[in-house]
Amino acid sequence: MTARIGVITFPGSLDEGEAARAVRRAGGEPVALWHAERDLRGADAVILPGGFSYGDYLRCGAIARFSPVMTEVAAAAKAGLPVLGICNGFQILCEANLLAGALIRNAGLHFVSRDVRLRVENGGTPWTRAYPPGQEITVPLKSGEGAYVAEAGALEALEAGGQVVVRYLDNPNGSALSIAGVCNEAGNVVGLMPHPEYAISELTGPGADGLGFFSSAVSVLVGA
Amino acid sequence: MTAPDTVTRAAASPDQPQPYAELGLTRAEYERIRQLLGRRPTDAELALYSVMWSEHCSYKSSKVHLRQFAEKAPPSDALLAGIGANAGVVDIGGGYAVTFKIESHNHPSYVEPHQGAATGVGGIVRDILAMGARPVAVMDSLRFGPAGAGDTRRVLSGVVSGISFYGNCLGLPNIGGELAFDACYAGNPLVNALCVGVMRHGDLKLATADGPGNKVILLGSRTGPDGIGGASVLASATFGGDGGHSAKRPSVQVGDPFLEKLLIECCLELYRGGLVVGIQDLGAAGVACATTELAAAGTGGMRVRLDAVPLRDPALGPPEILMSESQERMMAVVEPASVPGFLAVCAKWAVPATVIGEVTGSGRLEMTWHGETVVDIPPGTAADQGPVYSRPLARPGWQDKLAADDPAALPRPSGASGLRAALLSMLGSPGLADTAWVTEQYDRYVRGDTVLAMPEDGGLIRVDEETGLGVALATDGNGRYALLDPYAGAQLALCEAYRNVAVTGARPLAVTNCMNFGSPEDPAVMWQFAEAVRGLADGCAVLGVPVTGGNVSFYNQTGEAAIQPTPVIGVLGVHADVRLRLSIGFATDGARIMLLGRTAPEFGGSAWAHVLHAHIGGRPPRVDFDAERALARVLADAAASGVACAAHDLSDGGLAVALAESCLRGGLGCQVRLPGDAFTYLFSESAGRAIVAVRPGVEAEFEQICAAHAVPALAIGTVGGPCLEVEDSFTISLAELAGVHRGALPAILS
């Protein structure tokens, strides 16, 4: 079978094309999903891409979480569907309470666009299975509101439960505990601020370190 | 609400005083409008003419000079649309065409830096969209007052945050540009934004309103009171010496990048569906400009119901609606049968769209307000037949004295320690320092096709993933050179941009330009402008790259003090295979470093004289177009054959700065031996030069390429090690170079 991975377009999404390209590069079949439709088109997994959904008005991700497609995403995520939120997608997943915590303005207040070093702390999720735990990777970060925060108790629970998926080696935005990405308790929902879909080739990115997120899902879905 | 000034009323009250001077029109221009109409204009007509005949929209002072770009244009079969269209369109092969243009947003960016710069990006992006292309990248050429000055921090931080906010949200990678500082730009910052778009050949759209009966649709933002008079009272006048920027703040537009992103996707879907006959973006002069230009370029007539224009502020009347520069708006001409389909696409993207009129065969542009006619003019009189001035020009009296002030008389660094200290001073100076503080606020990755971006010499975007076809872009300008000699200065800017495109391995194809000058009413400024235009036109003719479009920004002066003449030149090139691109970075251990071109002791206007001595005088470097062309061919061959592994153009700061930048970019040091006077080789800014790192083992092949194009090439050293080492002179570790180069701007700006 071919892994069919849905990629949602919200108004203001920017990175859906690159997420789809990364899915293809990993051997999967991207399925275009539209924010206004309550339909996942039978996708085996779903990616919420980066961008500025609804202009990030009110608060990043705060409006997108109410779009019709998110009703389906939330239900499917609870039933175990692999879901990946990248950057704005991560913000939407936090707003939808599918992931713990929130993303606030970067320390330093500026948009930060640079290649960052990450350590994969949890190689057991459907999105990180291709990485041996502890592997260090280089992936672009590009966000203005990328500082991860959560209540102290929640942070402890994330650490204790192995829910910190990726961590910055050199914290670029003031994230709590240098957290770059987390997962839910079940591990099927993953969100991160850096952009693995922009690290799939030497030509247009810092390398191909990010491809593992997509090949992980493809191999999980085809049962390899 | 007071009753609108109608055509009937205007005819009946010929002597009613009108505020033409407040709107920026001269007495003679006002009389000309009366003569053209055979009556006094209505308030709405007066507003319309005032913005259409403004310097910004009509090019009335520059037109007589700009003609040379067409008259002297080299033969080129790559041009699908040229000057006069919203942006030039260039054939790059493979069925693809690209369109690109650079435009200034200088005045708004001083008054309100964040919104001024943001809407500068928004405006140039709509220009590209209006040609039928998908915008794929932006660049920004920025100039500010002294880096340490408090007002510079206000302006620079605001400009950068505006570009970051708008461009990032729009999803367009920012792939390069310039950052320069000079006291002359305090109070008159230059913010020039470039956009490039890609389309298939058949997708070209033109701004014409053809076919009587076709509908005129306004789509995008509602019209508000922002930016009224932006083109006339703001962009076409100098600031008073009293810091009058806050009083002009309402003339600055306010941007909504989210709506612009929707507008882009909406328009591209409309184009794909064949639902558009003609389209024009709304920029300077808003509805006034779009209606007159569409009508004048098309069948010639148009009827518009101004009361149908959706408003953000119900108090606006016809003059304000015509002059408003509210952002994120486009005007389309649509066949009646296509209107339902058109509106359905707009609804899908939640873009408001309203039918506001139709094309007619009357030859008149007629506008009504609740049934009464408030505008009735031949559209060509506003769009094409504005005033044209041959303004007096005079070579400034101080020009000769400036040329005689030769930097040869300046004390030069003596010995190894002096040369070392000079290099470090230059690398840590604001104009040569690492720009990451600025560029890390821009998304360079979005869309996934960015192959090269700053701090590379040129930006490079992949167009076709299968074949590797791509486009390279660079913008360059040097106010110091242009002050010393505006003719040569414009040509040096052209040469540098041409070279910066060539070092990526691309073939330069076409030129856009943004001419930033002081007041055209000053004969000295007008002379500088005329010389720069003549220089650029002559240079483009020799290099074989046509000017496809551009923009003139006058009145960059406060009181009597004009900026340095600053022609900013953008060059576009085609890259046959972006996988073979060259970076500036030294990353291959053992690569041979070759210095290409001739080095002469040329220090007039140089970074060395500027940074070390605050000196400007003498002659700028000599221009040699044959050498530039030959160098570009060597670089293209060296990239295509794979013998080169890095290449970097030599410009500001000469060889010394270029070597340091290549070491820092690639992470490897180098050892070089200079073939003559160390000071001259390190800091001269002779044009037509580049360094190339050649892969170990293929040196002979590279030398053959140089010989074939008769380009002088000297082997000056080798890549490797942790230091930049100049034999028999000095050594600087990469760590020390990095500390100085990367630390400078954060120390000043953070």
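Cut-off values and rules
Residues numbered from 1 in each chain as written. Chains lettered and ligands numbered in written order. Predicted model: local features only at pLDDT ≥ 70, side-chain atom pairs only at ≥ 80, totals over all residues. Helix = DSSP H or I, 4+ residues; strand = E, 2+ residues; numbered from the N terminus. Rg over C-alpha atoms; globule rule 2.2 N^0.38 Å. Buried ≥ 20, exposed ≤ 12 C-beta atoms within 10 Å, placed from the backbone. Contact = placed C-beta atoms within 7 Å. Pairing = 2+ DSSP bridges. Nonpolar A, V, L, I, M, F, W, Y, C, P; charged D, E, K, R; others polar. Core = buried A, V, L, I, M, F, W, Y, C linked by C-beta atoms within 7 Å. Axes fitted to C-alpha atoms, helices over the stretch in contact; angles between N-to-C directions. Parallel < 35°, antiparallel > 145°, perpendicular 65-115°, else oblique. Left-handed = near helix turned anticlockwise from the far one by under 90°. Arc of directions from axis to C-beta. pLDDT = per-residue confidence, 0-100.

Q: For this particular structure, what's the right way to read the overall build of chain B?
A: Broken down by element type, chain B carries 26 helices and 28 strands. In terms of overall size, chain B behaves like a compact globule, its C-alpha atoms giving a radius of gyration of 26 Å where 750 residues would be expected to give roughly 27 Å. Considered along the principal axes of its C-alpha atoms, chain B spans approximately 85 × 55 × 45 Å. In chain B, buried positions account for 65% of the 750 residues. Intrachain contacts of chain B at a sequence separation of at least 6 include 86% that bridge at least 24 residues.

Q: Looking at this model, I keep getting lost on the overall build of chain A. Mind explaining?
A: The secondary structure content of chain A amounts to five helices and eleven strands. For chain A, whose C-alpha radius of gyration is 15 Å, the value lies close to the compact-globule estimate of 17 Å for 224 residues. Dimensions of chain A, computed from the C-alpha atoms along their principal axes, are close to 45 × 35 × 35 Å. When each of the 224 residues of chain A is scored for burial, the buried share is 59%. Across chain A, contacts joining residues at least 24 apart in sequence account for 74% of those joining residues at least 6 apart.

Q: I tried to follow the pairing of strand β17 (residues 507–516) of chain B on my own but got confused; where do I start?
A: Regular strands place side chains that alternate from one sheet face to the opposite one. All names here are of chain B. Here β17 lies mainly inside the structure; nine of its ten residues are buried. Direction of pairing for β17 relative to strand β21 (residues 566–575): antiparallel, over a ladder of nine bridges. Residue M515 lies in a different strand from β21, and its bridge partner there is P567.

Q: Help me understand the pairing of β21 of chain B, please; the structure alone is not making it clear to me.
A: Residues and elements named next belong to chain B. Across the ten residues of β21, ten count as buried, placing the element largely inside the fold. Alternating positions in β21 separate into two faces, T566, V568, G570, L572 and V574 on one and P567, I569, V571, G573 and H575 on the other, with burial throughout. Bridge analysis of strand β16 (residues 470–476) against β21 gives seven bridges, and the strand direction is antiparallel. Pairing of G470 across the sheet is with H575, part of β21.

Q: Help me out: how do you make sense of the interface of chain A and chain B in this one?
A: The parts lose accessible area when they come together, and the size of an interface is often stated as this lost area. Chain A puts 22 residues into the contact, and the matching count from chain B is 23 residues. Looking at the side of chain A that touches chain B, the elements that each hand over two or more residues are α1 (16–25), β6 (112–120) and β7 (136–143) of chain A. In the side of chain A that touches chain B, the residues fall into eight nonpolar, nine polar and five charged.

Q: Looking at this structure, I do not really get the nonpolar core. What am I missing?
A: Where a protein is soluble and globular, its nonpolar side chains tend to be buried together. Judged by nonpolar contacts, the single largest core of 340 residues is most densely connected at M52, L635 and A644 of chain B. For L635 of chain B, the residues in contact, after removing those within four places along its chain, are A502, V503, G505, A647 and A690 of chain B.

Q: Looking at this structure, how should I read the environment of G459 of chain B?
A: Residue and element names in this part refer to chain B. With respect to the helices and strands, the residue G459 is situated in strand β15 (residues 459–462). Expressed as a C-alpha distance, the spacing of G459 and G177, which sit 282 residues apart in the sequence, is 8.5 Å. Setting aside residues no more than four positions away along its own chain, G459 makes contact with A137, M139, I175, G176, L452, A453, A472 and L473.

Q: What's the story with the environment of E29 of chain B in this structure? I'm lost.
A: All names here are of chain B. Inspection of the secondary structure assignment puts E29 in helix α2 (residues 27–37). Spatially, the C-alpha atom of E29 lies 25 Å from that of G550, the residues being 521 residues apart in sequence. The residues touching E29, leaving out its near neighbours within four places in the chain, are W53 and P387.

Q: Please clarify how unusual backbone geometry should be interpreted in this entry.
A: Note on backbone geometry: most residues besides glycine have negative phi, and most peptide bonds are trans. A cis amide bond links M454 of chain B to the next residue, P455 of chain B, at an omega of 10°. With respect to the helices and strands, P455 of chain B occurs in the loop between β14 (450–452) and β15. For Y54 of chain A, which is not a glycine, the phi torsion comes out positive at approximately 50°. Assignment of secondary structure puts Y54 of chain A in the loop between β3 (45–48) and α2 (68–78). The buried category is assigned to Y54 of chain A, around which 24 C-beta atoms lie within 10 Å. One non-glycine residue with positive phi stands out, namely L177 of chain A, at about 55°.

Q: When you look at the sheet that holds β16 of chain B in this model, what are you seeing that I'm missing?
A: Hydrogen bonds between backbone groups are what pair the strands of a sheet, and the pairing can be parallel or antiparallel. Residue and element names in this part refer to chain B. In spatial order, the strands read β14-β15-β16-β21-β17-β18; together these six strands make up an open sheet with mixed pairing. Bordering the open sheet on either side are β14 and β18 (547–553), each of which pairs with just one other strand. Direction aside, neighbouring strands of the sheet carry axes that sit 20° apart on average. Inspection of the sheet shows β15 paired to β16 by four bridges, in the antiparallel sense. Paired with I461 across the bridge in β16 is V471. Across the face of the sheet, helix α19 (residues 486–502) comes into contact with β16, β17 and β21 while running at roughly 25° to β21.

Q: Mind showing me how you'd approach the packing of helix α5 (residues 63–71) of chain B against helix α20 (residues 523–543) of chain B here?
A: Each pair of packed helices can be summarised by the angle the axes make with each other and by the distance between the axes. All names here are of chain B. Where α5 meets α20, the axes come as close as 9 Å, and the angle between the chain directions of the two elements is 5°. Comparing their axes, α20 and α5 come out roughly parallel. Listed contacts from α20 to H65, L66, Q68 and F69 of α5 are F529, A530, V533, R534 and A537. For the contact of α5 with α20, a count of residues per class yields six nonpolar, two polar and one charged.

Q: Got a minute to help me understand the environment of W349 of chain B in this structure?
A: All names here are of chain B. Within the fold, W349 resides in the loop between α13 (339–348) and β11 (353–360). Distance from W349 to T467, taken between C-alpha atoms, is 32 Å for residues 118 residues apart in sequence. Residues contacting W349, with those up to four places away along its chain left out, are L262, E265 and C266.

Q: Got a minute to help me understand helix α3 (residues 43–52) of chain B in this structure?
A: Two residues of an α-helix separated by three or four positions point the same way, owing to the 3.6 residues in each turn. Of all the ten residues making up α3 of chain B, ten are buried; the element is thus mostly covered by neighbouring parts of the structure. Among the residues of α3 of chain B, those classed as buried are D43, A44, E45, L46, A47, L48, Y49, S50, V51 and M52 of chain B.

Q: Hey, could you run me through the sheet that holds strand β1 (residues 4–9) of chain A in this one?
A: All names here are of chain A. An order of β2-β1-β3-β4-β11-β10-β9-β6-β7 is seen for the nine strands of this open sheet, with the pairing classed as mixed. Two strands bound the open sheet, and with one partner strand each, they are β2 (29–34) and β7. Strand after strand, the sheet turns through a mean of 25° between neighbouring axes, direction not considered. With three bridges connecting them, strand β10 (residues 179–183) and strand β11 (residues 189–192) associate as antiparallel partners. Along β11, the bridge assignment pairs V182 with G191. Contacting β1, β2, β3 and β4 (83–86), α1 crosses the sheet at an angle of about 175° to β1.

Q: What exactly am I supposed to notice about the packing of helix α8 (residues 150–170) of chain B against helix α10 (residues 257–272) of chain B here?
A: All names here are of chain B. Put simply, α8 and α10 touch, their axes get as near as 8 Å, and they point 35° apart. Once α8 is placed against α10, the crossing between them reads as right-handed. Mapping the contact onto sequence places F165, Y166, C169 and L170 in α8 and P257, F258, E260 and K261 in α10.

Q: In this structure, what is going on with α5 of chain B? I would like to understand it.
A: Residues and elements named next belong to chain B. Within α5 the residues assigned to the buried category are H65, L66 and F69. For α5, the buried positions fall inside an angular range of 95° around the axis, keeping them on one side. At its buried positions, α5 is contacted by α20 and β18.

Q: Just to check I follow, could you spell out the confidence of the model for chain B for this structure?
A: Any residue range with low pLDDT should be treated as having predicted coordinates unsuitable for detailed reading. Residue and element names in this part refer to chain B. Residues at a pLDDT of 70 or more form 96% of chain B, whose mean pLDDT is 93. Every residue in residues 240–247 scores below 50 in pLDDT, and together they form six contacts with partners more than four places removed in sequence or on other chains. Overall fold confidence (pTM) sits at 0.94, and the ipTM for the predicted complex is 0.94.

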